[in-house]
Amino acid sequence: MDLFLDGLATAATPTNLFFAALGVLLGTAVGVLPGIGPAMSIALLLPITFSVAPESAIIMFAGIYYGGMYGGSTTSILLNTPGESSSVVTAIEGNKMAKAGRAAQALATAAIGSFVAGTIGTVLLVLLAPNVADLVVKLGSPSYFAILLLALLAVTTVLGSSKLRGFVALFLGLTIGLVGTTTGQARLTFDQPLLADGIDIVVVAVAIFAIGEALWVAAHLRRKPLEIIPVGQPWMSRADWGRSWKPWLRGTAFGFPFGALPAGGAEVPTFLSYITERRLSKHPEEFGKGAIEGVAGPEAANNASAAGTLVPLLAIGLPTTATAAIILVAFQSYGLQPGPQLFTNSGPLVWALLASLFIANTLLLVLNLPMAPLWAKLLQIPRPYLYAGILFFASLGAYSVNFQAFDLALLLAFGLLGLAMRRFAIPVLPLIVGVILGPRLEQNLSEALEISGGDVSTLWGEPVAIVVYVIIALILGALAVGALRKDPETPAPDERPLARAGSNSNGLGE
Amino acid sequence: MTTAQDTPTTTPSARPPLVDKAQYGMAAFLVVVGAYVLLDAISLDDAFADQTVQPYAFPYVVGAVLVLLGFLLAVATARGDRPEAEEGEDIDLGAGTDWRTVGLLAGVFVLNIALIDLLGWAITGALLFAGAAYVLGSRTPVRDLAIGAALSVGTWYGFYSGLGIPIPAGILDGVL
């Protein structure tokens, strides 16, 4: 508790309050803006923050993450085209509410639900993360190696309709992670001295997220403007409150555990929350016509999952979503390695971060309720300026790392890869996670074998490692069974509901 | 972040398999990358005495799997597998692919790469913004250039005095 109060004191300094507010505003803005998500905006901001104190930067990034989760709901409700995968489900009922003249109530239940879920989720995070870290710190390299393998496998296979494409993304990421001279010999450097230190993950992330997205949008730019539903000040009646509070709590209960597992973040829990609310509702006839429960539950779920994601990120050093992966890169660029040692080595910073999450959450509510009409105006930004701006800031970010035109060439090359990945539906997350975790996988393997003197049996010499390998075997077994039972390329049954939710949100019928 | 959304054009089943020929290109790309990783791994020497994992161990695995994935993707393509291309607020998948805009946008970007050492960010940044906006459909070049110049000069000074990061000024050295 003392640790937490110290953290609160750090987080409440004027400078850090400023960065928390900045992060929340930026996060909401990028959540609202089409084409930009929290992962891309943190990647774009990484180079700029090198000269800011680590705790300020990390506090800002956490604000962006929470804000982005909230901002995505605005687009879903007012535009019926979800900006983030986490708000696909919100669009189903949210846009129907807006069309029925209840946009203000939909935005209000999203904002207040996000606050409730974010606060509960952060309490759970504060209680859980240090304890998980205490457990993990006792693990040796063999267990860590196994956990890394499991994380890579889970991130690759749990989400997405095509496992093959997940593995394609993962191994492309591992390939990028091989580049450099970490082993003492140049691997995949094309005799290019600028590649000796490896490819900067900032350049890869900015290229795949920002350049790839801008090029993909350029190839399919919507020439006719979207219909935006005007909105006033968000507010809710007594009846709306009565119908919202239970979905908020249930959404939180779905969101947090799924966020904490390497199961792809918010997509599964938001959907589970939606079907639960539809089943439990006293107004089932309103579902499909704009039921407030269908907005309240999923919006709470996606904010709670953002808090849950921070448990494995801080306590084990494992990113489970794209945004978490980029925040991990931010830690590394300050010379900090998220994981069990983080709590002992950089305790004050972690506690400041945890305390700032409560501040960010409160700011989110205080700032966003009155500002909703302003956020809706952001949707009208001319698209040529929006995407020209993304290219501009992406180039600036990549160039400012080393002042090398070569980095810009890399940016374009990986941007084209990002374009191809969007064209061929290859997911981005496994690639980014592969780039980050690939080198750590190799490092943990060498450490484990060094300690054992080259004896391979050390890899299954720890109980935790054995448990993890059993889980890996179960996942692989399930994959094999699924592949044998039917055509390997059709989506597994558990993914179909999500696909249906997606098509609903596009107005393709129930 | 890809989503598991169905797109109206790629509804599975019912129709005879339409082969997405471009996906063979992606498969070939994977095989080429994998083969190069393997080739590079062969050229590596044995590890130093204190290294327990050979430097070529990981590349061998990664390269071999990439080649395998390339072949699997080609087989899947031949069997009628089609990707569910990613959607978004500003994306209209119904209208076909506008490769001309993509090419021009990449061209503007290449110009930025070629000129940045000579002219400096303050100039090429402005050109990048105005050029990209023009390619994407903006038809007010003077205003776009003004916005671009304000952005690029503004960020140059912002990095220089605000963050203490001196971006090379290029041709404007001494002017800025």
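Residues numbered from 1 in each chain as written. Chains lettered and ligands numbered in written order. Predicted model: local features only at pLDDT ≥ 70, side-chain atom pairs only at ≥ 80, totals over all residues.

**Digging into the overall build of chain A**
Part 1: Each helix and strand counted, chain A has 20 helices and zero strands in total.
Part 2: The C-alpha atoms of chain A give a radius of gyration of 22 Å, which matches the 24 Å a tight globule of 510 residues would have.
Part 3: Considering only C-alpha atoms, chain A reaches an extent of 70 × 55 × 50 Å along its principal axes.
Part 4: Taking all contacts inside chain A whose residues are at least 6 apart in sequence as the whole, residues at least 24 apart take part in 81%. (Helix = DSSP H or I, 4+ residues; strand = E, 2+ residues; numbered from the N terminus. Rg over C-alpha atoms; globule rule 2.2 N^0.38 Å. Contact = placed C-beta atoms within 7 Å.)

**A few points about the overall build of chain B**
Part 1: When helices and strands are tallied, chain B shows five helices and zero strands.
Part 2: When the helices and strands of chain B are listed from N to C terminus, the series reads α-α-α-α-α.
Part 3: Relative to the 2.2 N^0.38 estimate, which gives 16 Å for 176 residues, the radius of gyration of chain B is 24 Å and therefore markedly larger than a compact globule would have.
Part 4: C-alpha extents for chain B along the principal axes are approximately 60 × 60 × 25 Å.
Part 5: In chain B, which comprises 176 residues, the proportion classed as buried is 38%.
Part 6: Taking the intrachain contacts of chain B between residues at least 6 apart in sequence as the baseline, contacts between residues at least 24 apart amount to 65%. (Buried ≥ 20, exposed ≤ 12 C-beta atoms within 10 Å, placed from the backbone.)

**Topic: the environment of A:Ser51**
Part 1: As for its position among the elements, A:Ser51 is in the loop between helix H3 (38–45) and helix H4 (54–79).
Part 2: For A:Ser51, the residues in contact, after removing those within four places along its chain, are B:Leu163, B:Gly164 and B:Ile165.

**Some details on the interface of chain A and chain B**
A common way to state how big an interface is: give the accessible area lost once the parts meet.
Part 1: The interface of chain A with chain B comprises 76 residues on the first partner and 72 residues on the second.
Part 2: At the level of elements, H4, helix H8 (163–178), helix H9 (201–219), helix H16 (383–402), helix H17 (405–423), helix H18 (429–452) and helix H20 (496–505) of chain A are the ones that each hand at least two residues to the side of chain A that touches chain B.
Part 3: A total of eleven residues in the side of chain A that touches chain B trace back to one element, the largest contributor, which is H16(A).
Part 4: Residue classes in the side of chain A that touches chain B are distributed as 45 nonpolar, 21 polar and ten charged. (Nonpolar A, V, L, I, M, F, W, Y, C, P; charged D, E, K, R; others polar.)

**Focus: the nonpolar core**
Note on soluble globular proteins: their nonpolar side chains tend to be buried together.
Part 1: If you look at the biggest cluster of nonpolar residues, it comprises 217 residues, and the most contacted ones within it are A:Ala43, A:Ala205, A:Val206, A:Leu391, A:Ile432 and B:Ala132.
Part 2: Looking at which domains feed residues into this core, each of domain 1 (8–78) and domain 2 (98–172) of chain B gives three or more.
Part 3: Setting aside residues no more than four positions away along its own chain, B:Ala132 makes contact with A:Tyr387, A:Ala388, A:Leu391, B:Leu105 and B:Val108. (Core = buried A, V, L, I, M, F, W, Y, C linked by C-beta atoms within 7 Å. Domains from an automatic or database assignment.)

**Here we look at the packing of helix H4 (residues 121–135) of chain B against helix H5 (residues 141–162) of chain B**
Axis angle and axis distance: for two packed helices, these are the angle between their axes and the distance between the axes, and together they describe the pair.
All names here are of chain B.
Part 1: It is the contact of H4 with H5, at a shortest axis distance of 7 Å, that shows an interaxial angle of 145°. Crossing angle aside, the handedness with which H4 passes H5 is right-handed. Between H4 and H5, the contacting residues are Trp-121, Ala-122, Gly-125, Ala-126, Leu-127, Phe-129, Ala-130, Ala-133 and Tyr-134 on the first element and Pro-141, Asp-144, Leu-145, Ile-147, Gly-148, Ala-149, Leu-151, Ser-152, Val-153, Thr-155 and Trp-156 on the second.
Part 2: Of the residues in the contact of H4 with H5, the class split is 15 nonpolar, four polar and one charged. (Axes fitted to C-alpha atoms, helices over the stretch in contact; angles between N-to-C directions. Left-handed = near helix turned anticlockwise from the far one by under 90°.)

**What to know about the domain arrangement of chain B**
Part 1: Each assigned domain of chain B is listed with its residue range as follows: domain 1 (8–78) and domain 2 (98–172).
Part 2: Distance from the C-alpha centre of domain 1 of chain B to the C-alpha centre of domain 2 of chain B: 36 Å.

**Some words on H5(B)**
Residues lying three or four places apart along an α-helix face the same way, a consequence of the helix completing one turn every 3.6 residues.
Part 1: The terminal C-alpha atoms of H5(B), which comprises 22 residues, lie 30 Å apart, in line with the 32 Å expected from a rise of 1.5 Å per residue.
Part 2: Among the residues making up H5(B), those that are buried are B:Asp144, B:Ile147, B:Gly148, B:Leu151, B:Ser152, B:Thr155 and B:Trp156. For H5(B), the buried positions fall inside an angular range of 160° around the axis, keeping them on one side. Exposed and oriented more than 90 degrees from the buried face of H5(B) are B:Val142, B:Ala150, B:Gly154, B:Ser161 and B:Gly162.
Part 3: Next to the buried residues of H5(B) lie H16 of chain A together with H4 of chain B.
Part 4: Positive backbone phi, approximately 70°, marks B:Gly164, located one or two places after H5(B). (Expected span 1.5 Å × (residues − 1). Arc of directions from axis to C-beta.)

**A closer look at unusual backbone geometry**
Residues and elements named next belong to chain A.
Part 1: Notably, Leu-188 is not glycine yet its phi reads approximately 55°, a positive angle.
Part 2: Among the secondary structure elements, Leu-188 is positioned in the loop between H8 and H9.
Part 3: Positive phi, normally seen in glycine, also occurs at Ala-425, with a value near 60°.
Part 4: On the secondary structure map, Ala-425 appears in the loop between H17 and H18.
Part 5: A tally of 23 C-beta atoms within 10 Å means that Ala-425 is categorised as buried.

**Overview of helix H5 (residues 88–99) of chain A**
All names here are of chain A.
Part 1: Its twelve residues give H5 an end-to-end C-alpha distance of 17 Å, which sits within 8% of 16 Å, the value for a rise of 1.5 Å per residue.
Part 2: Buried residues dominate H5, accounting for eleven of its twelve residues.
Part 3: Within the span of H5, buried status applies to Val-88, Val-89, Thr-90, Ala-91, Ile-92, Glu-93, Gly-94, Asn-95, Lys-96, Met-97 and Ala-98.

**Observations regarding the confidence of the model for chain A**
Part 1: Mean pLDDT over chain A: 85, with 93% of residues reaching 70 or higher.
Part 2: Per-element confidence in chain A is highest for H8(A), whose mean pLDDT is 95, and lowest for H20(A), whose mean pLDDT is 36. (pLDDT = per-residue confidence, 0-100.)

**Quick word on the environment of A:Trp241**
Part 1: Residue position: A:Trp241 is located in helix H10 (residues 238–260).
Part 2: Residue A:Trp241 is classed as partly exposed on the basis of its 14 C-beta neighbours within 10 Å.

**Quick word on the packing of H10(A) against helix H12 (residues 293–315) of chain A**
All names here are of chain A.
Part 1: Running from N to C, H10 and H12 point in directions that differ by 30°, and their axes come no closer than 6 Å. Viewed along their axes, H10 and H12 adopt a mutual orientation that is roughly parallel. Relative to H12, the crossing made by H10 is right-handed.
Part 2: Of the residues belonging to the contact of H10 with H12, the class tally is 16 nonpolar, eleven polar and four charged. (Parallel < 35°, antiparallel > 145°, perpendicular 65-115°, else oblique.)

**Looking at the confidence of the model for chain B**
Part 1: Averaged over every residue, the pLDDT of chain B is 85; the share at 70 or more is 90%.
Part 2: This stretch, residues 1–15 of chain B, has a pLDDT under 50; its non-local contacts, to residues over four places away or in other chains, come to 40 contacts.

**Notes on the environment of A:Phe403**
Part 1: For A:Phe403, the position within the fold is in the loop between H16 and H17.
Part 2: Given 14 C-beta atoms within a 10 Å radius, A:Phe403 is considered partly exposed.
Part 3: If sequence neighbours within four positions are ignored, A:Phe403 has contacts with B:Ile167 and B:Pro168.

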